[in-house]
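A look at the structure
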Amino acid sequence: MQIQLEILRRERADSAPVWEQFLFETDGSDTVMTALIALNQSLAAAGKRCIRYECSCLQKKCGACAMVIQGKPCLACDAKLTEVQKKGVIRVEPLRKFPVISDLIVDRSILFENLKTLQVWLVSECIAKGKGAELAYEASRCLQCGCCLEVCPNFCPGERFCGMAAFVPTARLMSELSGAERKRLYQAYREHIYEGCGKSLACRNICPAGLQIDKLLVHSNAVSIWKRT
């Protein structure tokens with residue numbers, strides 16, 4: 001089976017984006033990522049500039065290969081060619097809400113900056129128990145891929161609302177902190193998550209890890225805004 005991939009490329013951040021077409025032969029088992037790896041092998045052998053992208057685990061666990069495929073943000077290692085193609089053509093482009101570095105690589109440093117804004121770390125030892133442990137485990141599955149921010153109608157990099165990629169790690173600590181740490185986290189949650197979230201839950205539908213973001217939101221609102229356990 002022959003499939004055409006159309007990839008939005010730019011050599012540098014200040015280069016004009018250009019669509020390039022590539023033909024790829026597949027037996028039906030390939031994903032977009034395995035296709036990109038094979039295409040780069042061919043480009044390198046021909047002495048041409050390889051397609052730049054990020055990937056690591058190839059097992060839907062690291063979130064590095066997040067990109068927009070057929071207009072939808074997803075992980076390239078989880079996007080089978082036969083499932084995402086339309087009329088034999090697959091369009092691949094970088095995430096749109098982050099600065100492009102080159103080809104399919106974007107600068108997602110805003111994810112870390114937002115975690116620093118919310119101060120999502122422990123100052124003293126804390127062990128989650130009971131229901132808190134269940135919620136902490138659910139939140140720990142976040143890949144920090146950025147797909148949720150791509151579809152969020154309320155998120156814009158650099159603005160006050162930090163989005164669900166920052167909220168989910170915050171939810172791990174909501175029930176377990178005490179004293180001044182809890183008060184600080186609750187205030188940060190109100191300012192940077194609660195007051196900016198429109199509750200569209202587009203993030204829940206797009207999350208590659210299938211996180212129950214609505215469940216995490218209900219719990220976090222209960223303990224931090226409504227002061228209910």
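Up top you'll find the structure we're talking about.
With that out of the way, let us pick up the overall build of the chain. On a plain count of helices and strands, the chain comes out with nine helices and seven strands. Here the analysis covers contacts within the chain between residues at least 6 apart in sequence; of these, 63% occur between residues at least 24 apart. Only carbon and sulfur atoms are counted for the fraction: they give 50% of the accessible area of the chain, which is about 11600 Å². Taking the average place of the 31 positive charges on the side chains of the chain and the average place of its 24 negative ones, the gap between the two points comes to 6 Å.

It is worth spelling out the layout of surface pockets at this point. If you add up the space inside the largest pocket, you get close to 260 Å³. What lines the largest pocket is a set of 15 residues, and nearest its centre among them are Lys72, Cys74, Asp78, Ala79 and Val84. Looking at the lining of the largest pocket, the elements with two or more residues in it are β4 (72-75), α2 (81-84) and α8 (202-206). With four residues, β4 is the largest single contributor of residues to the lining of the largest pocket.

A few words on the side chain of Ser102. Along the polypeptide, Ser102 turns up in strand β6 (residues 100-102). Since its relative accessible area comes to 1%, Ser102 is described here as buried. In terms of polar contacts, Ser102 uses its side chain to reach the backbone carbonyl oxygen of Arg10, at 3.3 Å. Discounting residues that sit within four places of it in the chain, Ser102 has contacts with Arg10, Glu11, Arg49 and Arg52.

Our next topic: the nonpolar core. The biggest cluster of nonpolar side chains holds 72 residues, and the ones touching the most others in it are Met164 and Phe167. If near-sequence neighbours (up to four positions away) are discounted, Phe167 is found in contact with Tyr189, Ile193, Ile213, Leu216, Leu217 and Ser220.

When we look at burial in helix α4 (residues 130-140), the residues that qualify are Gly132, Leu135, Ala136, Glu138 and Ala139. All buried residues of α4 project into a common sector of 160° when viewed along the axis, lining one side. Along α4, the residues that are exposed and aim more than 90 degrees away from the buried face are Gly130, Glu134 and Tyr137. Where α4 is buried, its residues meet α6 (164-171) and α9 (213-224).

Bridge analysis of strand β1 (residues 2-9) against strand β5 (residues 89-93) gives four bridges, and the strand direction is parallel. Residue Gln4 lies in a different strand from β5, and its bridge partner there is Val89. As judged from the two bridges shared by strand β3 (residues 66-69) and β5, these two strands associate in the antiparallel manner. From the neighbouring strand, Ile69 faces β5, where its bridge partner is Val92.

Inspection of the secondary structure assignment puts Ser175 in the loop between α6 and α7 (179-194). The class of Ser175 is partly exposed, set by a relative accessible area of 25%. Taking the C-alpha atoms as reference, Ser175 lies 26 Å from Asn154; in sequence the two are 21 residues apart. Dropping the residues within four chain positions of it, Ser175 is found in contact with Arg182, His219 and Val223.

We now examine the pattern of salt bridges. Taken as a whole, this structure holds twelve salt bridges when the rule is applied. A salt bridge links Glu113 to Lys116; its shortest N-O distance comes to 3.2 Å. Remark: Lys116 and Glu113 occur in helix α3 (residues 109-118); sequence separation between them is three residues, near one turn of the helix. The network of salt bridges with shared partners includes Arg9, Glu20, Arg49 and Asp103.

Calculation criteria
- Residues numbered from 1 in each chain as written.
- Predicted model: local features only at pLDDT ≥ 70, side-chain atom pairs only at ≥ 80, totals over all residues.
- Heavy atoms only, no water.
- Helix = DSSP H or I, 4+ residues; strand = E, 2+ residues; numbered from the N terminus.
- Contact = heavy atoms within 4.5 Å.
- Areas by Shrake-Rupley, 256 points an atom, 1.4 Å probe, with all protein chains shown as cover.
- Lys, Arg positive; Asp, Glu negative; His and termini not counted.
- Charge placed at Lys NZ, Arg CZ, Asp CG, Glu CD.
- 1 Å grid on protein atoms, 1.4 Å probe; cavity = no way out; pocket = protein on both sides within 12 Å on 5 of 7 lines; lining within 4 Å.
- Points joined across faces, edges and corners; volume = space filled by probe spheres on them.
- Buried < 20%, exposed > 50% of the residue type's maximum accessible area, 1.4 Å probe, protein only.
- Polar contact = N/O pair within 3.5 Å; in protein donor to acceptor, adjacent residues only side chain to side chain.
- Core = buried A, V, L, I, M, F, W, Y, C linked by side-chain atoms within 4.5 Å.
- Arc of directions from axis to C-beta.
- Pairing = 2+ DSSP bridges.
- Salt bridge = Lys/Arg side-chain N within 4 Å of Asp/Glu carboxyl O.

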